[in-house]
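Structural overview for review
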Amino acid sequence: MQSIDKLLEYLTKGFLLLTFVVPPFVAPWVIGGNLAVNSSLFFPFVSGRVYIFRLLVEISLFFWLLLIARRPEFRPRFRSPILLGTTLFLLGLVITGLLGVDPIHSFFSNIERADGIVQFGHWALFLLMISSTLRRPKDWRILLWIFAGVAAVLASYAWSLHFLPETNRFYEDRIAGLFNNPSYLAAFMLFAAGITSLLWSQLTARGNNNSTDWWRHALFGGMLLFFTATLILTGTRGSYLGFVAGLASFSLLAIIFLRRTNKKLVFAVVGLFLATLLAIGSIFVFKESNFVKGNAILSRIAVVSELTNIGSARERYVNWQVALESFRARPALGWGPENYDIAFNAHYNYLAGKDEPWFDSSHNQLLDVLAEGGIVGFSLYLFWIAAIFYAAAGLLKRGLRDKLIGIILASTYLGFLIQGLFLFDTFPMYLGLFPLLGFAYFRYERAKGANGEAQIANGGRVMPAAWVYGLALILILITPYLIYKTVWQPYRANSLIFKYQSYLNGGGFREAGVFLREASEIDSPYTNFDVGNQSGWNLLYVLDKPLPEQSRNDAHEVFKLVAEREEKSLQYRPLDHQVYYVLG
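Conventions adopted
- Residues numbered from 1 in each chain as written.
- Predicted model: local features only at pLDDT ≥ 70, side-chain atom pairs only at ≥ 80, totals over all residues.
- Heavy atoms only, no water.
- Helix = DSSP H or I, 4+ residues; strand = E, 2+ residues; numbered from the N terminus.
- Rg over C-alpha atoms; globule rule 2.2 N^0.38 Å.
- Buried < 20%, exposed > 50% of the residue type's maximum accessible area, 1.4 Å probe, protein only.
- Phe/Tyr/Trp six-rings, centres within 6.5 Å; stacked < 30°, edge-to-face > 60°.
- Lys NZ or Arg CZ within 6 Å of the ring centre and 35° of its normal.
- Core = buried A, V, L, I, M, F, W, Y, C linked by side-chain atoms within 4.5 Å.
- Contact = heavy atoms within 4.5 Å.
- Axes fitted to C-alpha atoms, helices over the stretch in contact; angles between N-to-C directions.
- Parallel < 35°, antiparallel > 145°, perpendicular 65-115°, else oblique.
- Left-handed = near helix turned anticlockwise from the far one by under 90°.
- Nonpolar A, V, L, I, M, F, W, Y, C, P; charged D, E, K, R; others polar.
- Salt bridge = Lys/Arg side-chain N within 4 Å of Asp/Glu carboxyl O.
- Expected span 1.5 Å × (residues − 1).

What follows is about the overall build of the chain. In terms of helices and strands, the chain carries 24 helices and two strands. Taken over the C-alpha trace, the chain has a radius of gyration of 25 Å; the compact-globule value for 584 residues is 25 Å, and the two agree within 12%. Based on the C-alpha atoms only, the size of the chain along its principal axes is roughly 80 × 75 × 50 Å. When burial is assessed residue by residue, the chain has 53% of its 584 residues classed as buried.

Below, the structure written as structure tokens:
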């Protein structure tokens, strides 16, 4: 391999690995009870890390395209079940988005969620690149170790906040850390536990352990306990259920496939599963005891036996009914990705909105896909799920190492799906899911004997030098524009709206108006709607308080500017009910 090819390979891998190291930590930090690292963005626990993620993926894409043009062995095999399933689901999102009720919102989402088809396309590109460039076991060991290390830091930070009275009261004795949502941290910990188990399985499958391996077993065991304890402290019942389901799956598959080759592991896992069931059963039996009632986490588990008395459970059940009604209204292609809020308002049920009147998700990933994608989108989503389980099942037919990996992959993914019955997919979930899928692709293709040489023999050709130079020139022109449109413009508009809000809350109406005008001049499908919507909501909050006499003229000017901008927001999303409420 020529030095230029080595450089392209290392640059692609380097930027891809940075996507695990940088984005998770792009958020406001609290150290010692004080805000040590602030943010100048709306929804700073979401938007900032998404902008960085897109930037790193797009830079990686630049080098990756040049690499696969010169080196056919780095080209992904789309016939692999995982890549095929992911690609088809992305195609389904594009089709249902184009034919949905709000295509622009389907593709670009909003600041709060920072999701949409374009964002999922970035995740799909990320999967393609890590699947094709990380081609050796050593590459994946590095990535999995980096992921486990990042997860350990995130969990440790969340624990540190748990002992601060201010943050502990805010989360009601639950921990959230840099994800700012206990449910998101819990889902991420599911993947942290699964990926740590993958690392541990490589040591277990060797068989001929030496005397120095004891510290590795102790390290992996300690990390698993730490991630499990972190998950428990999030107080997220859906993730509890996902963890138990994953453990049950691991136990069952271990009995079936490992009972003859690794009896100690089978007994250990089954014993752990039975102990977990015994512990959960004890909580229900003694739910009226002072010990259970006096512990926030145990009491959250205990009330599961009385679901009808849990407000959030009642509202989610009604919300699920709304999702099914929305599907029946548009059964073929659905309402379009990211358009559940429109479907919810079209079939509004006040019982689902006693605490929160605006819903942009049914809090059930399967029902979200069903309502937003209809039969077409939901079928392709099920195919994607089946493809992942198919790849894991393929490993169960191999040797001990692959069997262990297949069992862990299937169990971790099952746990993720189960917790998704009570939540929706977000950035932290995908940050764990797509590395897992990339590793599943690697092991599945390796077990089949697929490699770079076979790919060249099957028709991969080196692109002529003149074509490579032409491709490089095109990428040099396109990549900065892509970064400008998907990263810089939404970041800039977001920061300007944040400054508008800051000055508005401080009574600086004249300065707020300046920043709002600047934000309004940025034409970005990521923020065009939010500039008007967020500025309107912020002004409503400020106008609820008495205004000083000297500020009224400036406030009136801001009022006219916001009203004008809200009218434009109505043009961007005429089916969004919030705009009508704010204008009214």
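This paragraph deals with the packing of aromatic side chains. The full count for this structure, using the stated rule, is 44 aromatic pairs. Here Phe344 and Tyr348 contribute two aromatic rings whose centre-to-centre distance is 5.6 Å and whose plane-to-plane angle is 85 degrees, an arrangement assigned as edge-to-face. Above the face of the Trp335 ring, Arg330 is positioned so that its terminal group lies 5.6 Å from the ring centre. For Arg573, the ring lying beneath its charged end belongs to Phe529, and the centroid distance is 5.7 Å.

Another point: the nonpolar core. Phe126, Met189, Trp384, Leu409, Leu433 and Phe434 are the most contacted members of the largest nonpolar core, which totals 122 residues. Element by element, the count of residues in this core is highest for helix α18 (residues 427–448), at 14 residues. Once you skip the residues sitting within four places of it in the chain, Leu433 turns out to touch Phe191, Trp384, Tyr413 and Phe416. In terms of nonpolar packing, the next biggest core, distinct from the first, is built from 20 residues, Ala493, Tyr500, Leu516 and Ile522 among them.

Quick look at the packing of helix α21 (residues 509–520) against helix α22 (residues 528–543) now. The contact between α21 and α22 brings their axes to 11 Å, and the two run at 165 degrees. Looking at the two axes, α21 sits roughly antiparallel to α22. Crossing of α21 against α22: the hand is left-handed. Within the contact between the two elements, α21 uses Phe509, Leu516, Ala519 and Ser520 and α22 uses Val531, Ser535 and Val542. Tallied by class, residues from the contact of α21 with α22 come to five nonpolar, two polar and no charged.

Right, let's talk about the packing of helix α8 (residues 182–204) against helix α10 (residues 237–258) for a bit. Packed helices, taken two at a time, are described by their axes: the angle between them and the distance between them. Between α8 and α10, the shortest axis-to-axis distance is 9 Å and the interhelical angle comes to 10 degrees. Of the possible angle classes, the one that applies to α8 and α10 is roughly parallel. In this structure, α8 meets α10 at a crossing whose hand is right-handed. Taking contact as the criterion, the partners of Ser183, Ala186, Ala187 and Leu190 in α8 are, on α10, Ser239, Gly242 and Phe243. Of the residues in the contact of α8 with α10, the class split is four nonpolar, three polar and no charged.

The final tally for this structure, using the stated rule, is 17 salt bridges. For Arg71, the salt bridge goes to Asp5, with nearest N and O atoms at 3.6 Å. Here Arg71, found in the loop between α2 (47–70) and α3 (81–98), pairs with Asp5, found in helix α1 (residues 3–21); they are 66 residues apart in sequence, far enough to count as distant. With its nearest N and O atoms 3.3 Å apart, the salt bridge here joins Lys560 to Glu557. Here Lys560 and its partner Glu557 are both found in helix α23 (residues 552–572), three residues apart, which amounts to about one turn of the helix. A relative accessible area of 42% means that Lys560 is categorised as partly exposed. Assessed through its relative accessible area of 38%, Glu557 is described here as partly exposed.

Turning to its location among the elements, Ile68 is positioned in helix α2. Exposure remark for Ile68: the relative accessible area of 14% places this residue in the buried category. Sequence-wise, Ile68 and Arg573 are 505 residues apart; in three dimensions their C-alpha atoms are separated by 40 Å. Residues within four places of Ile68 in sequence aside, it is in contact with Phe74 and Arg75.

Moving on, we get to the side chain of Asn319. Inspection of the secondary structure assignment puts Asn319 in helix α14 (residues 311–329). When near neighbours in sequence (up to four residues on either side) are disregarded, Asn319 contacts Tyr340, Phe344, Ala352, Phe359, Ser361 and Ser362.

Looking now at the environment of Arg573. With respect to the element layout, Arg573 can be found in the loop between α23 and α24 (577–583). Judged by its relative accessible area of 3%, Arg573 is buried. For Arg573 and Phe529, which are 44 residues apart along the polypeptide, the C-alpha to C-alpha distance reads 7.1 Å. The residues touching Arg573, leaving out its near neighbours within four places in the chain, are Asp102, His105, Asn339, Asp341, Ile342 and Phe529.

Moving on: helix α5 (residues 117–133). End to end, α5 covers 24 Å across 17 residues, agreeing with the expected 24 Å (1.5 Å per residue, within 8%). Burial runs high along α5: 15 of the 17 residues are buried.

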